[in-house]
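# Analysis of the macromolecular model
Spelled out, the chains give:
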Amino acid sequence: MKKIGRNQPCPCGSGKKYKKCCLEKDQAKLYNRPAAIAQAEEASVSAVTSKPVSDLDMLLEPAHWENESYREVAQLLVNELSDRYSSEFAEKSVRLWSDFSEKTQPQVRKVQVYAAAIEYYIATNMEGQSLTQSELADRYGVSSGTISQKVKALNDFSEQHQAVS
């Protein structure tokens, strides 16, 4: 993860200096981690010490992610998908999110929105499953319209990525 200088423009796109915009909020996140994320990090540490590291574990390492919110989306994907789908499905989801976030560097306001959009995209486009954005909106606590916008961005990204490949 790159360190943002206090006097650099804020990565949120506000046009303000980082120190005048999101610095305090980002520092507060570091000290007031949500319990679910703290537990996931502890589980990740114990998993590394107690069993061989899988590709998915490696993808969740903080060093892999340029932005902490990107890693939080990946962790939420793993947490939400592990009970509903195969480990391959979860890995596809995290890899898609990794590629998408690395290349497009989206602004993440709610990690749940991107997790829901990735789940929908993988389930319907790659796995051929029947799933509605409304179901996911209820499960993740976000609006189906916002999920739809992010799914469109994922579709556009995939089309561009395939055209380049």
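The name given to the chain in an unreviewed UniProt entry is SEC-C metal-binding domain-containing protein, and the organism recorded there is Marinicrinis lubricantis.

### Description of the nonpolar core
Grouped together as the largest cluster of nonpolar side chains are 36 residues, with contacts concentrated most on Leu77, Trp97, Tyr140 and Ile147. Those elements giving two or more residues to this core turn out to be helix H4 (68-81), helix H5 (87-104), helix H6 (111-126), helix H7 (133-140) and helix H8 (144-164). The element best represented in this core is H6, accounting for eleven residues. Apart from residues lying up to four places away in sequence, Ile147 is in contact with Ala116, Ala117, Gln133, Leu136, Ala137 and Val142.

### Examining unusual backbone geometry
In this model, Gln105 sits at a positive phi of 45°, which is unusual for a non-glycine residue. Tracing the backbone shows Gln105 in the loop between H5 and H6. Overall, Gln105 belongs to the partly exposed group, its relative accessible area being 43%.

Calculation criteria
Every residue gets a number counted from 1 within its own chain, in the order that chain's sequence is written. It should be noted that, the model being predicted, local features are given only for residues of pLDDT at least 70 and side-chain atom pairs only at 80 or more, the latter also being counted only at that level, while totals for whole chains, interfaces and linings use all residues. For side-chain calculations, the full set of non-hydrogen atoms in the structure is used, while hydrogens and water are omitted. Here, nonpolar core refers to any group of buried Ala, Val, Leu, Ile, Met, Phe, Trp, Tyr and Cys residues whose side-chain atoms link them within 4.5 Å. Each residue's exposure class comes from its accessible area (1.4 Å probe, protein chains only) as a fraction of the maximum for that residue type: buried when under 20%, exposed when over 50%, partly exposed otherwise. Comment: elements are numbered from the N terminus, with helices defined as DSSP H or I runs of at least four residues and strands as E runs of at least two. Any two residues whose heavy atoms approach within 4.5 Å are treated as being in contact.

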